[in-house]
Amino acid sequence: MTGEIRKWLRFRNNGATGFGTLTSSGISVHEGEMFGRHAATGRTLALSEVELLAPCAPSKIVALWNNFHALAAKLNQPEPPEPLYLLKATTSIAAPGAVIRRPSYYDGKTTYEGELGIVIGRTCARVSPAEAGQFIFGYTCVNDITANDILTRDPTFPQWARAKGIDDYGPFGPVIATGLDPAKLVVRTILNGAERQNYPISDMIFTAQELVSRISHDMTLLPGDLIAVGTSVGVGVMKEPVNTVTVAIDGIGELTNEFRL
């Protein structure tokens, strides 16, 4: 649903976790539940006063594969007749600004994947594409980090869940933006100051509404659940000892994390 754009976030302040909306003067603190009844308290916090957290705590993360026309063409792969997806561990979640480290046992390639994330706002089961927009709370930035050499290590079994489920390999945020038309959004990924991805969400094979509808026929989606819609061309390996990665989507913001080998 499009309308007034609001940017929701979660934070920690003086040991307590809270949520609110981002304004020109800081964070307008709310009470209640982000995906339920809530109201502004009248209190405002400066960003410098808080530690930003991932903007929600999903019960599951659904991650799409091969959902862009341009990437399917580049990989010379057929476009799928239905969404192809995996579940990413919720323990992979990392906050905006978090430092992410490659596991000590792994010395292979690790890639960034800048993506749009759909955040569910209401319990959603077996809905139609026409109904799906009513169950979408908003959109966020996702970096679907992948340990590529683990993914392809065993020729008999692609290890999607393991390669993408490593601790901290799922940063998203910094906010959930409501009131946006996802088809008008563009995803950019900047690695160490150089733009590596720049692609339109309108190139998706399955739209945001189609994804929510189809996935909801397989599994019930709960408030706060995250769907990473897949990435397009420009995915690359993070090679430097310290890598700064920013996933930027105008209308949402910039998710920046440091990845260390």
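## Let's talk about unusual backbone geometry
Logical step 1: Each neighbour pair has its own omega, and for Gly-173 with Pro-174 the value is 0°, a cis peptide bond.
Logical step 2: Checked against the element boundaries, Pro-174 lands in strand β14 (residues 170-178).
Logical step 3: At Asn-14, a position not held by glycine, the phi torsion is positive, near 55°.
Logical step 4: Tracing the chain through its elements places Asn-14 in the loop between β1 (6-13) and β2 (16-23).

## Some remarks on the layout of surface pockets
Logical step 1: Space inside the largest pocket adds up to approximately 320 Å³.
Logical step 2: Surrounding the largest pocket, 18 residues form its lining, Trp-65, Leu-75, Glu-113, Asn-148 and Val-235 being those nearest its centre.
Logical step 3: Residue assignment for the lining of the largest pocket shows that the elements contributing at least two residues are α1 (69-74), α3 (148-151), α4 (160-164) and β18 (236-237).
Logical step 4: Class assignment of the residues belonging to the lining of the largest pocket gives a composition of eight nonpolar, seven polar and three charged.
Logical step 5: Considering only enclosed or pocket space, the second largest pocket measures out at about 190 Å³ in volume.
Logical step 6: If you trace the second largest pocket, you find 16 residues lining it, with Gln-134, Ile-136, Phe-137, Gly-138 and Thr-178 closest to the centre.
Logical step 7: With four residues, strand β12 (residues 136-143) is the largest single contributor of residues to the lining of the second largest pocket.
Logical step 8: When the residues that make up the lining of the second largest pocket are grouped by side-chain class, the tally is eight nonpolar, seven polar and one charged.

## Examining the nonpolar core
Generally speaking, soluble globular proteins have nonpolar side chains that are buried together.
Logical step 1: Membership of the largest hydrophobic core comes to 41 residues, with the highest contact counts inside it found for Leu-116, Ile-118, Ile-201, Val-212, Ile-227 and Ile-252.
Logical step 2: If you list the elements that add at least two residues to this core, you get β1, β3 (26-32), β6 (61-65), β11 (114-120), β12, β14, α5 (208-218) and β19 (242-249).
Logical step 3: With four residues, the top contributor of residues to this core is α5.
Logical step 4: Not counting chain neighbours up to four residues away, the residues in contact with Leu-116 comprise Tyr-139, Thr-140, Val-142, Pro-182, Leu-185, Val-187, Ile-201, Ile-227, Ala-228, Val-229, Ile-249 and Ile-252.

## Let's talk about the confidence of the model for the protein
Logical step 1: Looking at the protein, the pLDDT average stands at 97 and 99% of residues meet or exceed 70.
Logical step 2: When pLDDT is averaged over each helix and strand of the protein, the minimum, 96, is found for α3 and the maximum, 99, for strand β17 (residues 226-228).

## Thoughts on the packing of aromatic side chains
Logical step 1: Under the defined criterion, the tally for this structure stands at six aromatic pairs.
Logical step 2: Taking 6.2 Å as the distance between ring centres and 55° as the angle between the ring planes, the aromatic pair formed by Trp-8 and Phe-137 counts as tilted. A residue pair is termed long-range when its members are at least 10 positions apart, and Trp-8 in strand β1 and Phe-137 in strand β12 qualify at 129 residues. Grouping residues by exposure puts Trp-8 and Phe-137 together as buried.
Logical step 3: Seen from their ring centres, Phe-68 and Tyr-199 are 5.0 Å apart, and the 80° between their planes marks the pair as edge-to-face. Of this pair, Phe-68 sits in the loop between β6 and α1 while Tyr-199 sits in strand β16 (residues 194-200); the two residues are 131 residues apart in sequence, bridging distant segments of the chain. Each member of the pair, Phe-68 as well as Tyr-199, carries the same accessibility label: buried.
Logical step 4: Among the aromatic residues, ring-to-ring pairing joins Trp-8, Phe-19, Phe-35 and Phe-137 into one connected group.
Logical step 5: Above the plane of the ring of Phe-135 lies Arg-122, whose end atom (NZ or CZ) is 4.4 Å from the centre.

Thresholds, definitions, all that
- Residues numbered from 1 in each chain as written.
- Predicted model: local features only at pLDDT ≥ 70, side-chain atom pairs only at ≥ 80, totals over all residues.
- Heavy atoms only, no water.
- Helix = DSSP H or I, 4+ residues; strand = E, 2+ residues; numbered from the N terminus.
- 1 Å grid on protein atoms, 1.4 Å probe; cavity = no way out; pocket = protein on both sides within 12 Å on 5 of 7 lines; lining within 4 Å.
- Points joined across faces, edges and corners; volume = space filled by probe spheres on them.
- Nonpolar A, V, L, I, M, F, W, Y, C, P; charged D, E, K, R; others polar.
- Core = buried A, V, L, I, M, F, W, Y, C linked by side-chain atoms within 4.5 Å.
- Buried < 20%, exposed > 50% of the residue type's maximum accessible area, 1.4 Å probe, protein only.
- Contact = heavy atoms within 4.5 Å.
- pLDDT = per-residue confidence, 0-100.
- Phe/Tyr/Trp six-rings, centres within 6.5 Å; stacked < 30°, edge-to-face > 60°.
- Lys NZ or Arg CZ within 6 Å of the ring centre and 35° of its normal.

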